[in-house]
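Breakdown of the fold
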Amino acid sequence: MASTLHPDVTFPSGTVVAEYVWLDGRLGLRSKPRTLEKKWKSFDELKKNVSKYLPRWNYDGSSTDQAPGTDSEVIIYPQAVYKDPFRGGDNILVMCDMYTPGGEPIPTNHRYQCQKVMEKAKDLVPWFGIEQEYFIMRPKDHKPIGFPEDGSLPAPQFAYYCGVGASNAFGRRISDDHYKACLYAGIQISGTNGEVAPGQWEFQVGPCVGIDSGDQLWMARYILSRIAEYYGYDIDLSPKPVVGDWNGSGAHTNFSTLPMRKSGGIEEIYKAIERLSLKHKEHIAMYGQGNEKRLTGKHETASIESFSWGKASRAASVRVGNATVEEGCGYFEDRRPAANMDPYLVTMMLVSTCCEIPIEKMPTP
Ligand code: ADP
Ligand code: MN
Ligand code: MN
Ligand code: MN
């Protein structure tokens, strides 16, 4: 719905509203805005000097499952900025991570360890392209918007994937608004598509370098939930939101390093896949809650029990695309991560295992 304010009402110049965004104790997104004096000359200058211009802030961790009521303050550190597609102008969205007042990362701050691994892998220039699948849900009955309100079932899966028309595509305005908003914000959204189940969509973020992948994906998720909120819907990232013969939601993670992208890099890819095959359980533990309901071996997934890989196979844990095989270099796709995974954990695990970079303190997801 449109704003109630008069069109003349705009933000005073020199003043910026910064919406600070962070993660709660259950991988949910939270945010609150504050007013800042604009001391930077351009958005690009701010982007390169986030901690210089943006102050740390705090929130009540007892309301987010992250601190006891008696000592409830959690401190947030600004880490990455995006242009705010909701307020426009000089206003910004700020991706933050979470610390104790003593400066220790709190247990749900997985960005901290991820950043350390990415720093060590800097010379390998790791790239990630994450495919985020999601359902748009009606808050009333917690059903996807493609499901009839009378409780009957929609037509079986076939015409929904990349589909067009009122009977096949549900919620395109949300997907399209999100696409535009991400481009405006400075998120490297590379595309979208209607998915296999009714009311299910996907967007892709990448290729992003290192820690940028997690920051951008979280902010893209934030923007998506905000847009859906204005339309009166919820975004559901759970791996299997509808039981029955309906696809679940994944977050396929495409990955490459500089050596993999160079001529002959396919050998590096095969080496990485071999290393991944030996750490299947460790990776699954970090790839999202409830993923066993999705990784059944049906609906274009591989079984959660064992590791498999294949050329162009959508029934494998890891897929190497035809183009990569033909060109002898490129990237591979880890199809295991669930839609609700924390990208800081998934990107950290991929770099750690494939590039043999130890994790200082293994997080508990
Ligand atoms: P799929 O064919 O599995 O549906 P998508 O086209 O949805 O794949 O997504 C592929 C993602 O991989 C995109 O975000 C793209 O930017 C990213 N990508 C492309 N090349 C590379 C690469 N060399 N390394 C990592 N990610 C890449
Ligand atoms: Mn895709
Ligand atoms: Mn998909
Ligand atoms: Mn994919």
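Source: prediction; values computed, not measured.

Considering the pairing of strand 2 (residues 29–37)
Within a regular beta strand, the side chains point alternately toward one face of the sheet and then the other, so they alternate between its two faces. Two strands pair when backbone bridges link them, and strand 1 (residues 15–23) and strand 2 are joined in this way by nine bridges, in the antiparallel orientation. Bridge pairing in strand 2 places Glu19 opposite Pro33. Connecting strand 1 to the antiparallel partner strand 2 that follows it, the hairpin turn spans five residues, and Leu27 within it adopts a positive phi of roughly 60°.

With respect to the side chain of Asn247
Its place among the elements puts Asn247 in the loop between strand 9 (234–236) and strand 10 (253–256). Ignoring any residue separated from it by four or fewer positions in sequence, one finds Asn247 in contact with Phe135, Gln157, Val196, Ala197, Gln200, Lys240, His299 and Glu300.

Considering the coordination of the manganese ion (ligand 2)
Here the manganese ion (ligand 2) is held by Glu131 (OE) and Glu202 (OE), and the distances to it run 2.2 to 2.3 Å. Separating the manganese ion (ligand 2) from the manganese ion (ligand 3) is a gap of 3.9 Å, bridged by Glu202, which donates to each. Here Glu131 is found in strand 6 (residues 127–137), whereas its partner Glu202 is found in strand 8 (residues 200–209), with 71 residues between them in sequence. The pair formed by Glu131 and Glu202 is uniform in burial state, with each residue classed as buried.

A look at helix 7 (residues 266–277)
The terminal C-alpha atoms of helix 7, which comprises twelve residues, lie 16 Å apart, in line with the 16 Å expected from a rise of 1.5 Å per residue. Of all the positions in helix 7, only Ile266, Ile269, Ala272, Ile273 and Leu276 are classed as buried. Buried residues along helix 7 cover an arc of 110° about the axis, so they all sit on one side.

Points about the coordination of the manganese ion (ligand 4)
Each pair of donors in an ideal four-coordinate tetrahedral metal site encloses 109.5 degrees, whereas pairs in an ideal six-coordinate octahedral site enclose 90 or 180 degrees. Protein coordination at the manganese ion (ligand 4) comes from Glu131 (OE), Glu131 (OE), His252 (ND1) and Glu333 (OE), with a distance range of 1.9 to 2.5 Å. Of note, the donors binding the manganese ion (ligand 4) are all from one chain and are spaced E-x120-H-x80-E. Overall, the relative accessible area of 9% leaves His252 in the buried class. Exposure remark for Glu333: the relative accessible area of 2% places this residue in the buried category.

Some words on empty space enclosed by the protein
Scanning the entire structure with this criterion turns up three cavities of 30 Å³ or more. Approximately 60 Å³ is the volume attributed to the largest cavity. Lining of the largest cavity is provided by 14 residues; of these, Leu295, Ala302, Ala316, Arg335 and Arg336 occupy positions nearest its centre.

Regarding the packing of aromatic side chains
Under the counting rule described, the total for this entry stands at twelve aromatic pairs. Measuring from centroid to centroid gives 5.2 Å for Tyr20 and Trp57, while their planes differ by 80°, and the two rings are edge-to-face. Of this pair, Tyr20 sits in strand 1 while Trp57 sits in strand 3 (residues 57–60), and the two are 37 residues apart along the sequence. With centroids separated by 4.3 Å and ring planes inclined at 20°, the aromatic side chains of Trp22 and Tyr59 adopt a geometry described as stacked. A residue pair is termed long-range when its members are at least 10 positions apart, and Trp22 in strand 1 and Tyr59 in strand 3 qualify at 37 residues. Residue classification places Trp22 among the buried positions, given a relative accessible area of 4%. Looking at Arg34, its charged tip hangs above the ring of Tyr20, at a distance of 5.7 Å from the centre.

Digging into helix 10 (residues 343–354)
Taking 1.5 Å per residue as the helical rise, helix 10 with its twelve residues ought to reach 16 Å, and the 16 Å between its terminal C-alpha atoms agrees with that figure. By the criterion of burial, helix 10 is predominantly enclosed, with twelve of the twelve residues buried. Burial in helix 10 covers these residues: Pro343, Tyr344, Leu345, Val346, Thr347, Met348, Met349, Leu350, Val351, Ser352, Thr353 and Cys354. Sitting at the head of helix 10, Asp342 places a side-chain oxygen 2.9 Å from the backbone nitrogen of Tyr344. After helix 10 finishes, the residue Glu356 shows a positive phi value of roughly 50°.

Regarding the domain arrangement of the chain
Partitioning the chain into domains gives domain 1 (15–106) and domain 2 (120–355). When each unit is reduced to the centre of its C-alpha atoms, the spacing between domain 1 and domain 2 is 26 Å. Between domain 1 and domain 2, the contact holds 18 residues from the first and 18 residues from the second. Put simply, domain 1 and domain 2 have zero salt bridges between them. Linking domain 1 to domain 2 there are two residue pairs in polar contact (both at pLDDT 80 or more). Among the elements of the structure, strand 1, strand 2, strand 4 (73–83) and strand 5 (92–99) are those that each provide at least two residues to the side of domain 1 that touches domain 2. The class makeup of the residues in the side of domain 1 that touches domain 2 is twelve nonpolar, three polar and three charged.

Looking at the sheet that holds strand 5
Strands sit in the order 2-1-5-4-3 across an open sheet of five strands; the sheet is mixed. Each edge of the open sheet is held by one strand with a lone partner, namely strand 2 and strand 3. The sheet shows a mean angle of 40° between the axes of neighbouring strands, taken without regard to direction. Sheet strands touched by helix 5 (residues 212–231): strand 1, strand 2, strand 4 and strand 5. Its angle to strand 5, the strand with the most contacts, is close to 120°.

What counts, and at which threshold
- Residues numbered from 1 in each chain as written.
- Chains lettered and ligands numbered in written order.
- Predicted model: local features only at pLDDT ≥ 70, side-chain atom pairs only at ≥ 80, totals over all residues.
- Heavy atoms only, no water.
- Pairing = 2+ DSSP bridges.
- Helix = DSSP H or I, 4+ residues; strand = E, 2+ residues; numbered from the N terminus.
- Contact = heavy atoms within 4.5 Å.
- Donors = N, O, S within 2.8 Å, 3.2 Å for Na, K, Ca; no water.
- Buried < 20%, exposed > 50% of the residue type's maximum accessible area, 1.4 Å probe, protein only.
- Expected span 1.5 Å × (residues − 1).
- Arc of directions from axis to C-beta.
- 1 Å grid on protein atoms, 1.4 Å probe; cavity = no way out; pocket = protein on both sides within 12 Å on 5 of 7 lines; lining within 4 Å.
- Points joined across faces, edges and corners; volume = space filled by probe spheres on them.
- Phe/Tyr/Trp six-rings, centres within 6.5 Å; stacked < 30°, edge-to-face > 60°.
- Lys NZ or Arg CZ within 6 Å of the ring centre and 35° of its normal.
- Polar contact = N/O pair within 3.5 Å; in protein donor to acceptor, adjacent residues only side chain to side chain.
- Domains from an automatic or database assignment.
- Salt bridge = Lys/Arg side-chain N within 4 Å of Asp/Glu carboxyl O.
- Nonpolar A, V, L, I, M, F, W, Y, C, P; charged D, E, K, R; others polar.
- Axes fitted to C-alpha atoms, helices over the stretch in contact; angles between N-to-C directions.

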